[in-house]
Structures are given as structure tokens and as C-alpha cells.
Amino acid sequence: MNDMMAAFRADLKGFDEATRDFYTGKMNKQEYKGISGGFGSYSEKGGQKGMIRLRMTAGRLTKEKLAFVVETAERLNIELIKLTTCETVQLHHLTGRQILDVAEKALDAGIVCRGGGGDNPRNVMCSPLSGVQPGEYFDVMPYAEAASRYLLTIAGSIHMPRKLKVAFCTGADDSVHSAFRDMGFLAQADGTFSLRIAGGLGANYKMGLLVDPKVKPEEILYYIKAMVDTFCEHGNYENRAKARTRYLQETLGPEGLKEVFLANVEKAKKTGGLELKELCRPAAAAFSQPSGDSLDRRIPQKQPGLYAVKYHPIGGLLPREMPEKLYQILKEIPKAECRIAAHGTIYVINLSEAEAETVL
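Analysis parameters
Residues numbered from 1 in each chain as written. Predicted model: local features only at pLDDT ≥ 70, side-chain atom pairs only at ≥ 80, totals over all residues. Heavy atoms only, no water. Helix = DSSP H or I, 4+ residues; strand = E, 2+ residues; numbered from the N terminus. Rg over C-alpha atoms; globule rule 2.2 N^0.38 Å. Buried < 20%, exposed > 50% of the residue type's maximum accessible area, 1.4 Å probe, protein only. Contact = heavy atoms within 4.5 Å. Areas by Shrake-Rupley, 256 points an atom, 1.4 Å probe, with all protein chains shown as cover. Lys, Arg positive; Asp, Glu negative; His and termini not counted. Charge placed at Lys NZ, Arg CZ, Asp CG, Glu CD. Pairing = 2+ DSSP bridges. Axes fitted to C-alpha atoms, helices over the stretch in contact; angles between N-to-C directions. Parallel < 35°, antiparallel > 145°, perpendicular 65-115°, else oblique. Left-handed = near helix turned anticlockwise from the far one by under 90°. Expected span 1.5 Å × (residues − 1). Nonpolar A, V, L, I, M, F, W, Y, C, P; charged D, E, K, R; others polar. Arc of directions from axis to C-beta.

## Here's the deal with the overall build of the chain
For step 1, the next point in the chain: Within the chain, the regular secondary structure consists of 10 helices and 15 strands.
For step 2, the next point in the chain: Over its C-alpha trace the chain gives a radius of gyration of 20 Å, about what one expects of a compact globule, namely 21 Å for 360 residues.
For step 3, the next point in the chain: Each principal axis of the C-alpha atoms in the chain carries an extent, and together these give about 55 × 50 × 40 Å.
For step 4, the next point in the chain: Taking all 360 residues of the chain together, the buried fraction comes to 56%.
For step 5, the next point in the chain: Within the chain, contacts between residues at least 6 apart in sequence are counted, and of these 69% link residues at least 24 apart.
For step 6, the next point in the chain: Roughly 15,900 Å² of accessible area belongs to the chain as shown, and the carbon and sulfur atoms make up 52% of that amount.
For step 7, the next point in the chain: The averaged location of the 44 negative side-chain charges in the chain is 4 Å from the averaged location of its 48 positive side-chain charges.

## Regarding the sheet that holds strand 5 (residues 89-94)
For step 1, the next point in the chain: Taking strand neighbours across the sheet as the criterion, the five strands line up as 1-2-5-4-13 in an open arrangement whose pairing is antiparallel. Of all the strands in the sheet, just strand 1 (41-43) and strand 13 (317-318) have a single pairing partner and so form its edges.
For step 2, the next point in the chain: In this fold helix 4 (residues 96-108) packs onto strand 1, strand 2 (50-54) and strand 5, with an angle of close to 10 degrees to the strand it touches most, strand 2.

## Regarding the packing of helix 3 (residues 63-75) against helix 4
For step 1, the next point in the chain: Orientation of helix 3 relative to helix 4, taken along the N-to-C sense of each, is 155 degrees, at an axis distance of 11 Å. Accordingly, the angle class assigned to the pair helix 3 and helix 4 is roughly antiparallel. Taken as a pair, helix 3 and helix 4 cross one another with a handedness that is right-handed. On helix 4, the residues touching Phe68, Thr72 and Arg75 of helix 3 are Asp101, Val102, Lys105 and Ala106.

## As for helix 3
For step 1, the next point in the chain: With 13 residues, helix 3 extends 18 Å from end C-alpha to end C-alpha; this agrees with the ideal 18 Å at 1.5 Å per step.
For step 2, the next point in the chain: The first or second residue beyond helix 3 is Asn77, which carries a positive phi of 55 degrees.

## Considering the sheet that holds strand 15 (residues 346-351)
For step 1, the next point in the chain: Spatially, 3-14-15-12-11 is the arrangement adopted by the five strands of the open sheet, whose pairing is antiparallel. Both outer strands of the open sheet, strand 3 (60-61) and strand 11 (298-300), are each paired with one neighbouring strand and no more.
For step 2, the next point in the chain: Pairing of strand 12 (residues 307-311) with strand 15, which is carried by four bridges, proceeds in the antiparallel orientation. Note that in strand 15 the partner of Tyr307 across the bridge is Leu351.
For step 3, the next point in the chain: Each of strand 12, strand 14 (337-340) and strand 15 is contacted by helix 9 (residues 322-330), which is oriented at about 10 degrees to strand 15, the strand it contacts most.

## Things to note about the packing of helix 6 (residues 220-234) against helix 8 (residues 254-271)
For step 1, the next point in the chain: Running from N to C, helix 6 and helix 8 cross one another at 125 degrees; their axes reach a closest spacing of 8 Å. The pairing of helix 6 with helix 8 is recorded here as oblique in orientation. The hand of the helix 6/helix 8 crossing is right-handed. Facing Tyr222, Tyr223, Lys225, Ala226, Met227, Asp229, Thr230, Glu233 and His234 of helix 6, the residues of helix 8 in contact are Leu257, Val260, Phe261, Asn264, Val265, Ala268 and Lys269.
For step 2, the next point in the chain: For the contact of helix 6 with helix 8, the per-class residue count stands at nine nonpolar, three polar and four charged.

## Brief notes about the side chain of Thr19
For step 1, the next point in the chain: For Thr19, the position within the fold is in helix 1 (residues 2-23).
For step 2, the next point in the chain: On the accessibility criterion, Thr19 (1% relative accessible area) is buried.
For step 3, the next point in the chain: In this structure Thr19 touches Tyr32, Gly96 and Leu100, once residues within four positions along its chain are discounted.

## Points about helix 9
For step 1, the next point in the chain: Within helix 9 the residues assigned to the buried category are Met322, Pro323, Leu326 and Leu330. Within helix 9, the buried residues cover an arc of 100 degrees as seen down the axis, which keeps them to one side.

## A short note on the pairing of strand 14
Every regular strand shows the same layout, with side chains that alternate between the two sheet faces.
For step 1, the next point in the chain: By the alternation rule, side chains of strand 14 split into Glu337 and Arg339 and Cys338 and Ile340, which are all buried.
For step 2, the next point in the chain: Where strand 3 lies against strand 14, two bridges are found, and the strand directions are antiparallel. When the bridges of strand 14 are listed, Arg60 appears paired with Arg339.
For step 3, the next point in the chain: When strand 14 meets strand 15, the two strands line up antiparallel, connected through four bridges. Bridging from a neighbouring strand, Ile340 pairs with Ile346 of strand 15.
For step 4, the next point in the chain: The antiparallel hairpin formed by strand 14 and strand 15 contains five residues in its connecting segment, where Gly344 sits at a positive phi of about 70 degrees.

## Notes on the environment of Ala243
For step 1, the next point in the chain: One can find Ala243 in the loop between helix 6 and helix 7 (248-251).
For step 2, the next point in the chain: C-alpha of Ala243 to C-alpha of Cys113: the two residues are 130 residues apart in sequence and 23 Å apart in space.

Here is the structure:
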């Protein structure tokens, strides 16, 4: 992990030079976008200021990462903070100098911006209540985090036609829309994942193709490598409008895509080295109907006596004072943690009844 963070820090040099050139008028917007997108940053309308996206693996906004957001917003007087549909945090209306400041200091807080945009593996998504949700088959968070680590290690060495979005779902609901991602791992009662690939919304939307109903959790990285290989081999590098994985269902046909993908899975397994031996395989679980949160913002967790609190800022836009308010409360609660959901919601988990009332 330390080696990876050091590599990201060294990688910032090119981004630093491009950002300085763009914001001093020495580089055009299109050329800059081709570089800055790979670091999760884009210029905003007018080209005078820009934004940067902070990856929050599996939507986990720990107290340490929340503290970084609070300190950065205060120090740089950032007014616009947005929760994204990929469970990240975006900071807006920044100068070029501020963007570089955030990108470098974020690494000290364990936050990576690399691959937050452009033709890269994006932030790995996860059911926001994974590990605490009534009705879930098993906690998928460890697998989402392992997938993220793997994708970050290869992000600088692969050349994909477009972005790649991976999601993990507990099976209690599908708030991450796993059937409409480039890869969607859905937990099953027997402790395996069903896997759909090449799904997506937008133009020519497609539901993901079911390619394996029983993926062993310890083998997920072989499937992710196979998806990257399949996309690089058969994706459209000529027409960006048709460069998402869902178009592979047309160019290869559903059965052709499945055949190519599974062949790449077997190839990856023969090469070996990607099995998640350090993670225990989840035990089979009996499904119990989750208790709906409907309009109730205090949600009972599967752990007796603990609660999650749901906070949905309008449009996913966090009021300027809210991160500080949250942090001041949560820093006194040892096991509390924020989780970002795909619908622009924050869940605060692991709260006693009294703590939940305080958060509310």
C-alpha cells in the first residue's frame, strides 16, 4: 500500500505541470481534460476554476477522511461539496493552485484522486450499509476494498477505451444498481456472488449480462482482470460514444461476449496470483426480510441495539457547515463511520440509540 501511494505521489508531477499550464493559458481545455481527467479533476464552465474528485473506496467516509474534507474546506474556503453517484466527494470552484494542493494533501489522508475520471477504473461502489444491514447475505465491503486496491495498482498500466465501473451489493437491496454497471457483483445466500457485466444506463442502455451465477468471493480479482482484458481487447477505441462496455453486447453478441469473457477468466486463473487468500469465504446465510427505512431516518442495524442514521442533502450538495457538524459529533463516537450512497445520501452507522438521536 505504501509503495502504491508513493507511486501516486510521483505521478502527480505530470498533473502539476499540466494544471499550471492550463490555468496560465498555455494549454487548451481539450488537451488538459485528457490529462486532468485521469486525476479526477476537470475545469468548470468558463475555464477559470475547476473541481477535483476524492475517491472514497466503497463509499467509506471514515472519520479520518471526513476530517480531511473539513480541514480542506475550511482552509481553502470551499463552498460547494458534492456527493456523487459513484460514492465519492467532489470539491468545486477551486483555482489551479488549490486543485494541486488538494491532490497532494489528500494522499497524506489516504485519499486517492488518481483514476477519478478519464478512461480509468472508477471508484468501486458498495451497498452503503454493508456489514450492518438487516437481510444482507454477507458483508461485501472487504471484497469491494480488495477490488479497489487491485484496480488502483493497474490503473497506470492499462489503456481502456473508456471508464469502468464496478459495484458490490449485499443482496438486501440493490441501491448500487449492480445490474447496470460494467461489473455488478450481487451477494447470494450460499456465500457466492452472481455476476453481471457490460450493463449501463445512458444512451443505448443495457441490463448487465449474467455471466456467472456462482462466483467464489476469493476469486473476484480473476473476474475483474478478465473484464479489463476483454474491454481492452474488444472495446471501441475509435468512437467514444460507443466505447462503454455495454456496446460489447452488440459487437460480440451476448453469447459471444460471455464466451470471450469466461475464456479470459480461465486464462487469468491459470496465470494465478490473484486469489484473495487473506479474506475468509463468507458462510451461507439465511435471508431475512430487511426492515424498510421508508421515511424513517433512524434505521435499526442487524447488530442489536445499534442504529444507522440517514441524511440526504438536497441534490447531494452538502451545506458548507455540515461536514464540520458531523465531524464534531462523530469524533466522540469510537465506531461511528459515514457511508456515501449512490443516491447522494450519507449513512452514519454504528450508533447507540442515544447517539442516533444526537446525530439526528
